[in-house]
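Overview (structure and organization)
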Amino acid sequence: MATRGSHLVSRRMLYHASMRLSRLVFFGTPEFALPTLQALCAAGRAPLLVVARPDRPAGRGQRQRTPPVAAWARQQGLEVAQPASVRDAELQQRLGALAPDLAVVVAFGQIFPRELLALPRHGCVNVHASLLPRHRGAAPVQAALRAGDERTGVTTMVMEEGLDSGPILLAAETELSGRETAGELAPRLAHLGAAALLETVDRLQAGTVAPRPQEDAEATYAPRLRKEDGRVDWARTARQLFDQLRAVTPWPGLHAELRGEPLRIHWAEVVEGGEGVAGGESPPGALLGLADGRLRVACGDGTVLGLERLQRPGRRPVDAPDFANGERLAAGERLA
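Rules used in this analysis
Along each chain, residue indices are assigned from 1 in the same order as the chain's sequence is written. Owing to the predicted nature of the model, reporting of local features is limited to residues with pLDDT of at least 70; listing and counting of side-chain atom pairs is limited to 80 or more, with chain, interface and lining totals taken over all residues. By convention in this description, side-chain values take in all heavy atoms of the structure and omit both hydrogens and water. A pair of strands is treated as paired once DSSP finds two or more bridges between them. Secondary structure elements are defined from DSSP: runs of H or I of at least 4 residues count as helices, runs of E of at least 2 residues count as strands, and each element is numbered from the N terminus. Two residues qualify as a contact provided that any one of their heavy atoms is within 4.5 Å of a heavy atom in the partner residue. Here an axis means a line fitted to C-alpha atoms, over the contact stretch when the element is a helix, while the angle between two N-to-C directions is reported on a 0 to 180 degree scale. Burial classes follow relative accessibility: with a 1.4 Å probe on protein chains only, a residue under 20% of its type's maximum area counts as buried, one over 50% as exposed, and anything between as partly exposed. Relevant arc is that of directions from the helix axis to the C-beta atoms, nothing else. Salt bridges are defined by distance alone: a side-chain nitrogen of Lys or Arg within 4 Å of a carboxyl oxygen of Asp or Glu. Centres within 6.5 Å make a pair out of two Phe, Tyr or Trp rings, where for Trp the six-membered ring is used; the pair is then stacked when the planes are under 30 degrees apart, edge-to-face when over 60, and tilted otherwise. pLDDT is defined as a per-residue confidence score from the predictor, taking values between 0 and 100. Roughly parallel here means an angle under 35 degrees, roughly antiparallel means over 145, roughly perpendicular means 65 to 115, and every remaining angle is called oblique. The crossing is said to be left-handed when, going from far helix to near helix, the turn is anticlockwise and less than a right angle, and right-handed when the turn is clockwise. Following the grouping adopted for this structure description, the nonpolar residues are Ala, Val, Leu, Ile, Met, Phe, Trp, Tyr, Cys and Pro, the charged ones are Asp, Glu, Lys and Arg, and the polar ones are all others, Gly among them.

Regarding the sheet that holds strand β1 (residues 24–28)
- Pairing is mixed in the open sheet, where seven strands are placed in the order β5-β2-β1-β6-β7-β9-β10. At either end of the open sheet lies a strand with only one pairing partner, and these are β5 (80–81) and β10 (168–175).
- Bridge count for strand β2 (residues 49–51) against β5 is two bridges, and the pairing is parallel. Note that in β5 the partner of V51 across the bridge is A81.
- Where helix α2 (residues 34–42) meets the sheet, its contacts fall on β1, β2 and β6 (102–106), and the angle it forms with β1 comes to roughly 160 degrees.
- Running at roughly 155 degrees to β2, helix α4 (residues 89–98) makes contact with β1, β2 and β5 of the sheet.

See below:
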């Protein structure tokens, strides 16, 4: 449900015949947010301030790494702030002094308090990587793939205190191939979102777009991805596991166990007509042998998933025939 404060923001946008939107601030951190920032700068709408999350340890050496948005913004000579929280008093004072017309938010990863939402003259606009109200939350790209959606897209919305529940401004759709991974889909949606945001700002300034409420009854949720989301349950159908693989690639990856040791599945395909291969008798997780360069595994409802590329911890990924030979797989073995 929208709060009173969010209604005020929406009405502020709705009742202005046109808006002066020359003073922008930008909130974003990861690679996904970068195309929108770049598009704003290319369109002559460079923000007065770019706000990103703090540097953090990454990689095997756990060296401090600057987020992509902060690194690029500094290279362009833009002012950058990296507070630990958007509730930081110094940040809010700095924003208040700038008196921005609008805040643009892309993949920032923190809930904005009411005070911050109300600080820009015309509120805050968010770029969300789904067709709202479907897949509200932190991992909409992965959620669309795991659900087997045939289409997805991006939505620009007026931010409020709820979780991605604010009024919609514009939406842009795209068809899904049924084979894209999260790592492949995210950049495509990032550029789609950048174009949608530029159109949104232009139309807000011209007074040709008005917020419309979301249908809360149609909302689904996409919680933050966890490492556990990559674990295989062989009782699920081969298609469900294939969609899960797409959703968790590149992180956290799809993981199973063989002989009590971890096994990462880098790629697999649904074996068409797999019911005949499994005969409906093999238990989920049972290895059904090699065929067409794939290691076939029995899944739920008599379906079969063909594993193509696998990896043991500390080793390089290998194709299924090399893996089967190296492991000396025996008939009747099962993946856990």
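After that view of the structure, there is still more to cover.
What to know about helix α10 (residues 320–327)
- Three or more residues of α10 are buried, namely A320, F323, A324 and E327. All buried residues of α10 fall inside an arc of 95 degrees around its axis, so they share one side. Exposed side chains of α10 directed beyond 90 degrees from the buried face belong to D322, N325 and G326.
- The secondary structure elements touched by the buried residues of α10 are β12 (254–258), β13 (261–270), β14 (287–291), β15 (294–298), β16 (304–311) and β17 (318–319).
- Note on α10: the residue one or two positions beyond its end, R328, has a positive phi of about 50 degrees.

Let's talk about the pattern of salt bridges
- According to the stated counting rule, one finds 19 salt bridges in the structure shown.
- Note that R136 is salt-bridged to D216, the shortest N-O span being 2.7 Å. On the criterion of sequence distance, the pair formed by R136 in strand β8 (residues 136–137) and D216 in the loop between α7 (182–206) and β11 (221–222) is long-range, its members being 80 residues apart.
- When its relative accessible area of 3% is taken as the criterion, R136 is described as buried.
- In this structure, E199 and R203 form a salt bridge, with 3.4 Å as the shortest nitrogen-oxygen distance. With E199 and R203 both in helix α7 and four residues apart, this pair spans about one turn of that helix.
- A network of salt bridges, in which partner residues are shared, links R259, R312, E327 and E333.

Quick look at unusual backbone geometry
- For the bond from L132 to P133, the omega torsion is 15 degrees, close enough to zero to count as cis.
- In this fold, P133 is placed in the loop between β7 (124–128) and β8.
- In the segment running from W251 into P252, the intervening peptide bond is cis, with an omega of 5 degrees.
- Within the secondary structure, P252 is located in the loop between α8 (238–247) and β12.
- Despite not being glycine, H135 has its phi angle at roughly 60 degrees, a positive value.

Some remarks on the pairing of β7
- Summarising burial for β7: five of the five residues are buried, a large majority.
- Bridge analysis of β6 against β7 gives four bridges, and the strand direction is parallel. The residue bridging V104 from the neighbouring strand is V125, located in β7.
- In terms of strand pairing, β7 meets strand β9 (residues 151–158) through four bridges, oriented antiparallel. Bridge pairing in β9 places V127 opposite T156.

Overview of the packing of aromatic side chains
- Under the defined criterion, the tally for this structure stands at four aromatic pairs.
- On the basis of an interplanar angle of 90 degrees and a centroid distance of 6.0 Å, the ring pair of F108 and F112 is categorised as edge-to-face.
- Take F108: its relative accessible area is 3%, and that puts it in the buried class.
- Connected via pairs of aromatic rings, a cluster forms that spans F27, F108 and F112.

Quick look at the confidence of the model for the chain
- On average, residues of the chain score 92 in pLDDT, and 93% of them reach the 70 mark or higher.
- Across residues 1–11 the pLDDT falls below 50, and counting only partners more than four positions away or on other chains, this stretch makes 14 contacts in the model.

Re the packing of α2 against helix α3 (residues 68–75)
- Where α2 meets α3, the closest approach of the two axes is 9 Å, and the angle between their N-to-C directions is 25 degrees. Comparing their axes, α3 and α2 come out roughly parallel. In this structure, the crossing between α2 and α3 has a hand that is right-handed. In contact with L34, L37, Q38 and C41 of α2, α3 contributes P68, V69, W72 and A73.
- Each residue belonging to the contact of α2 with α3 can be placed in one class, and the counts come to seven nonpolar, one polar and no charged.

Some remarks on the environment of A52
- With respect to the secondary-structure elements, A52 resides in the loop between β2 and β3 (56–58).
- Contacts of A52, omitting those with residues within four sequence positions, involve G28, T29, A70, A81, Q82, P83 and F108.

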